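Spelled out from the first residue to the last, the chains are:
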Amino acid sequence: MAKSEHVRLAEYSISHFVKTGKTAALSENLPKELTEGKAGVFVSIKKYGALRGCVGTIKPVTKNTANEILRNAVSACSEDPRFPPVTEDELPALTVSVDVLSPPEAISSADLLDVKRYGVIVTSGYKRGLLLPNLDGVDTVDEQVSIAMQKAGIYSDECIELERFEVIRYL
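A few points on the structure. (Residues numbered from 1 in each chain as written. Predicted model: local features only at pLDDT ≥ 70, side-chain atom pairs only at ≥ 80, totals over all residues. Heavy atoms only, no water.)

### Re the overall build of the protein
Counting its secondary structure elements, the protein contains four helices and eight strands. Mapped from its N terminus to its C terminus, the protein presents α and β elements in the order α-α-β-β-α-β-β-β-β-α-β-β. Scaling as 2.2 N^0.38, a compact globule of 171 residues should have a C-alpha radius of gyration of about 16 Å, and the protein matches this with 16 Å. Overall, the C-alpha framework of the protein stretches about 45 × 35 × 35 Å when taken along its three principal axes. Across the 171 residues that make up the protein, the buried fraction comes to 46%. (Helix = DSSP H or I, 4+ residues; strand = E, 2+ residues; numbered from the N terminus. Rg over C-alpha atoms; globule rule 2.2 N^0.38 Å. Buried < 20%, exposed > 50% of the residue type's maximum accessible area, 1.4 Å probe, protein only.)

### Things to note about the pairing of strand E5 (residues 119-124)
Burial analysis of E5 places six of its six residues in the buried class, which makes it a mostly covered element. Alternating positions in E5 separate into two faces, Gly119, Ile121 and Thr123 on one and Val120, Val122 and Ser124 on the other, with burial throughout. Judged from the five bridges that link them, E5 and strand E7 (residues 161-165) form a sheet pairing that is antiparallel. The partner of Ile121 across the bridge, within E7, is Glu163. The pairing of E5 with strand E6 (residues 127-131) spans five bridges and is antiparallel. Residue Ser124 lies in a different strand from E6, and its bridge partner there is Lys127. Hairpin connection from E5 to E6: two residues lie between these consecutive antiparallel strands, with Gly125 at a positive phi of about 60°. (Pairing = 2+ DSSP bridges.)

### A short note on the sheet that holds E5
Spatially, E4-E7-E5-E6 is the arrangement adopted by the four strands of the open sheet, whose pairing is antiparallel. The open sheet is flanked by strand E4 (105-107) and E6, the only strands paired with a single partner. Averaged over all pairs of adjacent strands, the angle between their axes in this sheet comes to 25°, without regard to strand direction. Running at roughly 135° to E6, helix H4 (residues 141-152) makes contact with E5, E6 and E7 of the sheet. (Axes fitted to C-alpha atoms, helices over the stretch in contact; angles between N-to-C directions. Contact = heavy atoms within 4.5 Å.)

### Description of the nonpolar core
By size, the foremost hydrophobic cluster in this structure holds 26 residues, and its most contacted members are Ala10, Ile14, Val43, Ile45, Ile69, Val96 and Val98. Those elements giving two or more residues to this core turn out to be helix H1 (5-20), strand E1 (41-47), helix H3 (65-78) and strand E3 (94-101). Take this core: its biggest share by element is six residues, from H3. Contacts of Ala10, omitting those with residues within four sequence positions, involve Val43, Ile69, Ala73, Val96 and Val98. Membership of the second largest hydrophobic core comes to 13 residues, among which are Val122, Val145, Met149 and Ile154. (Core = buried A, V, L, I, M, F, W, Y, C linked by side-chain atoms within 4.5 Å.)

Right under this line is the structure:
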């Protein structure tokens, strides 16, 4: 299966940054969906199937989806606090996916979640955690919400607000 334009752009961004230390420039011939659309984007990097980096934005912070991918690909390979920066030697072993997020919507209950269809954002005060949908090993809504809370440092006795979102996942 051919790689999507989204994934090719993320891979180019990662490779260019790892090799040069500089952010890549956008090419001129990208699809309008990338240059005219705006969305939050998460870039996930795996090495031999294991997570190697994942960083993204809930809502867009750049002028278009293409720039969002460039920015978050660099962050995923160099700024994910769970991992050391990606090295040039690792590049051939990496696989990349790109999730383009729909705008989040507030929900009144976890009963309105589905781990395969919706990602979740859990908020308590200034603490906020997000978990993408359809992840290996996350099989229940309780697990999904619990992991998002852990990521945010939210304790189980704190009041939370929930939001859900859908993604288009590009491989």
